[in-house]
Amino acid sequence: MPELIKVRPTKIELVKLKRRLSLAQRVQKIVKDRLSILTMEFLQTAKDTVEAKRKLLDESSKLYKALSVAAGYHGYIAMEKELIASEADLKVIAGSRNMAGVRLPSFELIDNGKPMRGYNLVDTSSWLDRAAQLSEECLRAIVELAELQRNFELLAMEINRTKRITNALEYIVIPRLQATINYLKMKFEERDREEKARLKRVKVLVARG
Amino acid sequence: MPKPLQDEVKQSPYERVLQECLRGELRVVNTGLPQSQKRLMDLLNEEHPHVVCNDGSTHFFKKNELEYLASMLDTDEQRTLVLPMLIELGANQGEAAIICAAEVEEKIVSKALNMPVTREEGMIRIYKPQLALLRKKFKTTTVYVFSPKIVA
């Protein structure tokens, strides 16, 4: 039996409780809708995260292979010398987007628009070009994974919070309100019955004279 | 059965906090809606395409999504399409509706879902599995709206 809310047994309180019950039921509907949407997004993000992780691992393994081949071809010192010139600042645009009341981060790696990678194309081989191309793809995959993983965490936290609210509404707030409303209704009916009985008794007494 | 106190007039702090929390939930759900929508054409020309939300925060669009949308449409349609597209969640939990002012949304949704869709009373009705598919393709160019019929 749910616990009763401490209120005065008056009609005004009953009206107030009914209002609170309707608010709680409305909130429950919204929270449930929101929870279903968040769960759907969470599952999608989980799938995307797994995919992005696998992609990053594949890209990294390809990159290491290409780099070792390039290093073997040019030699470490010569390759490092060439690559120093190709150093460039990375530009990542970090923004946010709103999804059903949750603020999620959004990252985007900006292309610097340079057609050349900075190193001398005459002195280097296509092995190095391949490694450079793969490293760019790897960077993109890292940024994508960072965004997805953070979204995944934030969505999980929000789902937890929303679930707690849904459970509180479903198992505590609404049953308590309903039980108190029923209690007050019974109390008023009991009062009515008492009143009727009293009137009958008075009528009998008056009739006797 | 415990009896309620007869002389208790004020709500308990727990009850007050709970009521506030519930009211807060109602306020929170639609704060992420944009103050105004922008045309796809304008967004494509912006350096950092974004819209401002009701709570003053910014909602960024991914450039590759905008480019994907632009690839589906001709120049006139790019001028007509306003973003973000609004997805309304109604009283029926199994379905969602995309609010669309023009036919261009119909074209986009039909292309994205690879199936014909029809517009009724300015809305395209889709089911949850289709919604997941649509959201996968348009993560930043669509936003959820909780129906005013439920929230109000």
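Reading the values: the criteria
Residues numbered from 1 in each chain as written. Chains lettered and ligands numbered in written order. Predicted model: local features only at pLDDT ≥ 70, side-chain atom pairs only at ≥ 80, totals over all residues. Helix = DSSP H or I, 4+ residues; strand = E, 2+ residues; numbered from the N terminus. Buried ≥ 20, exposed ≤ 12 C-beta atoms within 10 Å, placed from the backbone. Contact = placed C-beta atoms within 7 Å. pLDDT = per-residue confidence, 0-100. Expected span 1.5 Å × (residues − 1). Bend = angle between axes of the 7 residues up to and from the residue. Core = buried A, V, L, I, M, F, W, Y, C linked by C-beta atoms within 7 Å. Axes fitted to C-alpha atoms, helices over the stretch in contact; angles between N-to-C directions. Parallel < 35°, antiparallel > 145°, perpendicular 65-115°, else oblique. Left-handed = near helix turned anticlockwise from the far one by under 90°. Nonpolar A, V, L, I, M, F, W, Y, C, P; charged D, E, K, R; others polar.

Asker: Can you walk me through the overall build of chain B in this structure?
Answerer: Helix and strand content of chain B: 7 helices and 9 strands. Here chain B holds 152 residues, and the buried ones make up 30% of them. Sequence separation of 24 or more characterises 56% of the internal contacts of chain B that already satisfy a separation of 6 or more.

Asker: Teacher, can you tell me more about the confidence of the model for chain A here?
Answerer: Confidence along chain A averages 86 in pLDDT terms, with 94% of residues attaining 70 or more. The least confident element of chain A is helix α2 (residues 76–84) of chain A, whose mean pLDDT is 76; the most confident is helix α3 (residues 126–208) of chain A, at 91.

Asker: When you look at α3(A) in this model, what are you seeing that I'm missing?
Answerer: An α-helix turns once per 3.6 residues; consequently, residues spaced three or four apart project the same way. Residues and elements named next belong to chain A. The end-to-end C-alpha separation of α3 is 120 Å, in line with the 123 Å expected for 83 residues at 1.5 Å each. Of all the bends in α3, the largest measures some 45° and sits at Leu169. Note on α3: the residue one or two positions beyond its end, Gly209, has a positive phi of about 85°.

Asker: Teacher, can you tell me more about the nonpolar core here?
Answerer: One finds A:Ala100, B:Leu83, B:Ile87, B:Ile98, B:Ile124, B:Ile126 and B:Tyr144 to be the most contacted residues of the largest nonpolar core, which totals 46 residues. Here the element with the most residues in this core is helix α1 (residues 11–74) of chain A; it accounts for 6 residues. Beyond its immediate chain neighbours, meaning those up to four positions away, B:Ile124 contacts B:Ala97, B:Ile98, B:Cys100, B:Glu105, B:Glu106, B:Val109, B:Val117 and B:Arg119. Grouped together as the second largest cluster of nonpolar side chains are 6 residues, A:Ala70, A:Leu83, A:Leu128 and A:Ala131 included.

Asker: Explain the packing of α1(A) against α3(A) here, please?
Answerer: In a packed pair of helices, the relevant descriptors are the angle between the two axes and the axis-to-axis distance. All names here are of chain A. It is at 4 Å that the axes of α1 and α3 come closest, and there the two elements cross at 165°. Comparing the axis directions of α1 and α3 gives the class roughly antiparallel. Crossing hand, α1 versus α3: left-handed. The class makeup of the residues in the contact of α1 with α3 is 38 nonpolar, 14 polar and 17 charged.

Asker: What exactly am I supposed to notice about unusual backbone geometry here?
Answerer: Most of the time, phi is negative for any residue but glycine, and the peptide bond is trans. In this structure, the amide linkage connecting B:Leu83 to the following residue, B:Pro84, adopts the cis form with an omega of 0°. Relative to the helices and strands, B:Pro84 resides in the loop between β4 (82–83) and β5 (85–89). Non-glycine residue A:Ala100 carries a positive phi angle of around 50°. Residue position: A:Ala100 is located in the loop between β1 (91–99) and β2 (102–110). A positive phi angle, near 60°, is found at B:Asn114, a position not held by glycine. Turning to its location among the elements, B:Asn114 is positioned in the loop between α5 (103–113) and β7 (119–120).

Asker: Before we go on, may I ask you to explain the confidence of the model for chain B in this structure?
Answerer: When pLDDT drops low, the exact placement of atoms in the prediction is not to be read closely. With 78% of its residues at a pLDDT of at least 70, chain B reaches an overall mean of 79. For residues 4–9 of chain B, every residue scores under 50 in pLDDT, and the model assigns this stretch 12 contacts once sequence neighbours within four places are set aside.

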